[in-house]
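# Architecture and fold: a report
One-letter residues, chain by chain:
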Amino acid sequence: MKKDNPTKKQNPITDLLRMDRIPHIWCPGCGIGTVLTSFAEALRKSEIDLDKVAVLSGIGCTGRVAGYVKMDSIHTTHGRAVPVATGVKLANPEMKVVVFSGDGDISGIGGNHFIHAARRNMDIMIICVNNFNYAMTGGQVAATTPKGANASTAPYGNFEYSFNLPYLAEASGATYVARWTALHLRRVTKSIQEALGKRGFSFIEVITPCVTLYARRNRLGDGLNLLKYYHEKSEIQHGADTRTVDISYQGKLIVGKFVDIDKPTFLDCMNEHLGKVLGDKYQPYGVNND
Amino acid sequence: MKKVKADPKGVLSGSHYLDGDYAIAEGGLAAGCRFFAGYPITPSTETAERFSERIPSVGGVFIQMEDELASIAALIGAVWGGKKSMTVTSGPGFSLMMENIGLACMMETPLVIANVQRGGPSTGLPTLTGQQDMMQVRWGSHGDYKIIALSPDSPQECFDLTIEAFNLSEIYRVPTFVMTDECVGHMHEKVVIPPAEEIELVERKWYTGPKDQYLPYKNDKDMIPFMIKIGDGYRFHTTGLTHDERGYPVINAECQDVCVRHLNDKITMNADKIIRLEEDEIDNAEIIVISYGITSRVTTRAVRQARKAGIKVGTIRLITVWPFPEKRINELAKKVKAFVVPEINYGQMVLEVERCAAGQTPTVHVPHCGGWVHDPDDILKAIKEAAK
Amino acid sequence: MTEIRFSGFGGQGIIRCGLITGKALSLYDNKHATMTQSFGPEARGSACSSQLVVSDDRVLYPYISIPEILISMSQEAYEIYEPELSEDGILIIDKDLVKMNPARGKIKTYSVPSTRFAEELGNRITANLVMLGFFSSVTSVVSADAMKKALPGLVPGRFLDLNIKAFDKGYDYGKEILAKEKKSKTPTQKGKK
Ligand SMILES: Cc1ncc(C[n+]2csc(CCOP(=O)(O)OP(=O)(O)O)c2C)c(N)n1
Ligand code: SF4
Ligand SMILES: [Mg+2]
């Protein structure tokens with residue numbers, strides 16, 4: 001930062017999005033754009049160097065986010081954004097690595113990567129857009145679809161139990177866990193800002209309506225109605241025991257910041273441990289030795 | 001193409017007695033590989049073990065991932081993060097990697113995968129040899145793309161060809177494979193590792209022009225686009241979707257045509273530069289035996305006996321298996337009485353030989369379903385039969 | 001070309017025997033030596049084996065087929081592998097661990113109490129080195145010098161001296177046996193004269 005500039009250097013929004021790719025592909029009223037706006041807002045407010053932010057996503061409606069952000073961005077394969085992000089982080093520890101993911105991406109096909117990255121406390125941030133279904137492929141049932149909800153591959157209603165993602169994240173080792181709905185714009189932004197400022201595995205779930213598929217199929221009104229509905233049904237309980245934040249079909253949504261702890265990351269542990277065991281033979285990694 | 005000397009930190013110069021798996025790890029370290037992500041699988045695990053032991057004092061990261069899907073994914077991330085990266089696996093793990101091998105091809109990501117082949121299908125023969133993934137390496141991921149694959153016949157070549165694989169992968173920005181097998185992987189022999197200054201490495205094709213003019217998929221004169229790394233301020237985008245020069249998705253037939261042709265042509269048009277063969281007594285040969293990897297050693301034994309028996313036999317050892325030496329085989333097909341192709345599978349590369357022979361000469365396959373190398377007598381018998 | 005099999009049970013350092021000998025031959029004795037070992041379920045059982053193909057030129061076929069030399073440090077390994085030994089091969093056994101069947105063909109047998117010697121030296125885990133010393137002297141396939149050079153990196157550093165001692169013990173014992181053999185031959189030859 002230049003010395004003669006006393007004001008905080010905030011990132012302008014045009015610097016954050018690939019304007020040459022607008023219009024985007026999302027349906028009118030889709031909540032994904034709202035979450036992206038919160039993300040952009042968080043980056044704008046933070047003084048983070050955008051050259052040092054990488055955004056990755058898998059496949060899905062949410063997976064398209066990586067294509068719209070004007071940062072180093074990789075649009076990977078379905079479910080694999082987390083391990084690619086792991087590679088990016090380990091190759092380049094100075095990066096702030098963010099994974100934008102659908103619920104299917106992160107907890108269905110990519111569930112194993114999700115829990116392992118959390119277990120290792122890999123220093124990456126996950127923003128999960130939970131729209132309770134596989135939207136991109138036409139509204140199929142997902143690991144997050146509440147019992148009783150209808151989906152294109154659960155035409156008689158879903159009878160499987162669904163994942164409680166904050167609980168899964170915490171149990172796996174995440175150091176920051178929050179849940180909001182897409183209408184909690186300021187809160188989502190704040191959570192993202194907090195997570196940007198943290199080291200460790202962070203997980204932010206945003207309950208977001210999929211107007212075209214989930215809402216229509218379950219006769220839940222249009223996007224705005226559903227968004228409002230989610231908002232009204234939500235109850236902020238910071239620090240809630242994640243075991244209690246299960247989501248039922250059209251039931252109460254417990255939101256808030258559930259976990260915010262500090263512990264050494266994968267690279268911290270690696271450097272600490274190998275340094276101790278190997279002494280001078282060890283080449284500390286990612287601590288300006290390159 | 002910028003050439004540099006190997007970083008002495010990773011080079012274990014001297015004479016060693018190593019198995020092929022260890023030699024692959026040493027080749028990777030000598031080539032400057034500083035990121036290894038893998039998942040244990042017999043008979044390739046020793047490479048991962050060696051890496052995990054050696055990398056802390058060289059400077060780099062070893063990470064054991066949760067599965068092979070994650071291993072190859074992490075490699076792609078690490079390469080875009082600026083590291084040279086590799087992994088090793090065998091049949092079942094190789095199958096799991098297929099989707100993201102396609103992603104690496106699509107994103108033109110240079111990386112190295114060693115496959116220490118075992119007998120398949122499925123769990124097959126975890127501890128015994130095979131050469132049964134030779135077509136999978138070429139065609140295993142969906143869509144049209146081309147890769148480079150090399151086949152070492154000894155621990156020494158495991159070392160040498162791993163370095164070469166890194167160089168080729170950087171030159172052509174393509175996943176490059178070291179297709180060895182359990183026999184070579186687990187066999188101990190002398191491996192000479194030269195001094196670092198004698199190891200020539202190809203540096204990544206870094207972009208150096210103005211930042212705002214960078215186009216991640218704009219081809220240079222040699223057909224290969226320039227690369228940058230995450231964090232250097234280019235704010236680039238890359239995707240597994242069909243994309244234009246900017247790396248932006250374009251979902252139509254025109255863009256697909258450009259994209260797919262490029263991924264294939266950059267290898268096909270450079271095939272002559274990539275392909276390495278070892279030919280022996282080809283000129284007057286009536287019969288040519290074409291083989292690769294460990295099978296070529298066993299073949300040599302059979303061929304010597306055949307020559308003693310008065311048969312004019314030449315040999316071709318495929319060091320580069322893919323791209324396949326189409327032109328050469330086609331040319332030779334006009335001259336010889338037959339090709340004989342022994343390989344430890346039920347008929348894979350022989351299909352390529354047949355295709356290239358294009359009906360000009362018969363092709364005799366000497367199959368072996370895996371679990372052991374050929375009995376040289378079986379190859380000899382095939383040569384004699386073909387010579388009749 | 002010479003084919004050698006080292007055999008015994010898991011934990012005796014049988015694979016090590018192959019590694020040390022292979023390294024000695026190919027790095028310090030100017031030979032080509034390809035070592036393979038049994039892997040997998042086969043290697044999990046009690047019999048354990050490593051194989052070496054030794055040659056002046058490049059080894060083409062990596063596996064052994066009719067070994068000329070068999071070293072057996074357990075009864076089970078002996079029973080499994082003896083039948084494949086060449087008719088005029090050399091059989092080397094641990095005297096206390098292997099009870100031999102009547103000798104076959106022109107097979108020459110040498111035996112050494114390798115485990116007992118190793119215990120006397122203070123650590124039975126060096127029995128394989130006693131065996132290697134003995135094998136080197138009675139077969140002359142590999143030089144003692146090369147074998148000792150091959151040890152660093154293949155035996156724990158702090159046990160290097162002990163391992164060399166064990167090797168020498170076996171080596172000297174082998175020389176003694178050869179000398180006795182010579183002596184016992186010489187009188188008959190004299191008698192013929
Ligand atoms: C390996 C693989 N299997 C299936 C698909 C098809 N597919 C594309 S997106 C998607 C579901 C995405 O759901 P989610 O992650 O929840 O994202 P959303 O579209 O709901 O935002 C599926 C199944 C794929 N691309 N790759
Ligand atoms: S299908 Fe659903 S999730 Fe996808 S863009 Fe449309 S509204 Fe959004
Ligand atoms: Mg979804």
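So, how was this worked out
Residues numbered from 1 in each chain as written. Chains lettered and ligands numbered in written order. Predicted model: local features only at pLDDT ≥ 70, side-chain atom pairs only at ≥ 80, totals over all residues. Heavy atoms only, no water. Contact = heavy atoms within 4.5 Å. Helix = DSSP H or I, 4+ residues; strand = E, 2+ residues; numbered from the N terminus. Buried area = accessible area lost by both parts, 1.4 Å probe. Salt bridge = Lys/Arg side-chain N within 4 Å of Asp/Glu carboxyl O. Polar contact = N/O pair within 3.5 Å; in protein donor to acceptor, adjacent residues only side chain to side chain. Nonpolar A, V, L, I, M, F, W, Y, C, P; charged D, E, K, R; others polar. Pairing = 2+ DSSP bridges. Domains from an automatic or database assignment.

## Considering the arrangement of the chains
Ranking by contact count across 2 pairs of chains in contact places chains A and B at the top. One finds no contact between chain A and chain C; the C-alpha atoms of the two approach each other to within 17 Å at their closest.

## Digging into the side chain of C:Ser136
Here C:Ser136 shows up in helix H5 (residues 127-139). In this view, C:Ser136 contacts C:Val141, C:Val142, C:Met147, C:Phe167 and C:Tyr171; residues no more than four positions away in its chain are not counted.

## As for the interface of chain B and chain A
Listed per partner, the contact involves 42 residues of chain B and 45 residues of chain A. Taken together, the two surfaces of chain B and chain A that pack against each other cover about 3,500 Å², and 58% of this comes from carbon and sulfur. In terms of surface lost to chain A, no three residues of chain B exceed B:Glu66, B:Ile230 and B:Arg235, which account for 21% of the buried area on that side. Where chain B touches chain A, the interface holds 3 salt bridges. As a salt-bridge pair, A:Asp20 and B:Arg246 come within 3.8 Å of each other at their nearest N and O atoms. Our count for the chain B to chain A interface comes out at 24 residue pairs in polar contact (both at pLDDT 80 or more). Elements with a minimum of two residues in the side of chain B that touches chain A: strand E4 (61-64), helix H3 (68-80), helix H4 (91-106) and strand E12 (237-239) of chain B. Sort the elements by how many residues they give to the side of chain B that touches chain A and H3(B) lands first, with 7 residues. Across the side of chain B that touches chain A, the residue classes tally to 20 nonpolar, 13 polar and 9 charged. Alignment of strand E2 (residues 72-75) of chain A against E12(B), held across 3 bridges, turns out to be parallel. Bridged to A:Ile74 within E12(B) is B:Thr238.

## Description of the domain arrangement of chain B
All names here are of chain B. According to the domain assignment, chain B contains domain 1 (2-203) and domain 2 (279-387). Taken together, the contacts link 26 residues of domain 1 with 25 residues of domain 2. Buried surface at the junction of domain 1 and domain 2, summed over both partners, amounts to about 2,000 Å²; 56% is from carbon and sulfur atoms. Applying the counting rule to domain 1 against domain 2 returns 3 salt bridges. Between Arg 317 and Glu 157 there is a salt bridge, with the nearest N and O atoms lying 2.6 Å from each other. For the pair domain 1 and domain 2, the number of links is 18 residue pairs in polar contact (both at pLDDT 80 or more). Mapped by element, the contributors of at least two residues to the side of domain 1 that touches domain 2 are strand E7 (125-129), helix H5 (134-139), strand E8 (148-150), helix H6 (155-172) and helix H7 (182-186). With 4 residues, the single largest contributor to the side of domain 1 that touches domain 2 is H5. In the side of domain 1 that touches domain 2, the residues fall into 14 nonpolar, 6 polar and 6 charged.

## Here we look at the interface of chain B and chain C
Tallying the contact residues gives 24 residues for chain B and 22 residues for chain C. Summed over both sides, the interface of chain B with chain C buries roughly 1,900 Å², with 62% coming from carbon and sulfur. Taken together, the connections running from chain B to chain C amount to 1 salt bridge. Between chain B and chain C we count 7 residue pairs in polar contact (both at pLDDT 80 or more) in total. Broken down by secondary-structure element, the contributors of at least two residues to the side of chain B that touches chain C are strand E2 (14-19), H7, strand E10 (188-193) and helix H10 (294-308) of chain B. Of the residues forming the side of chain B that touches chain C, the biggest block, 6 residues, is contributed by H10(B).

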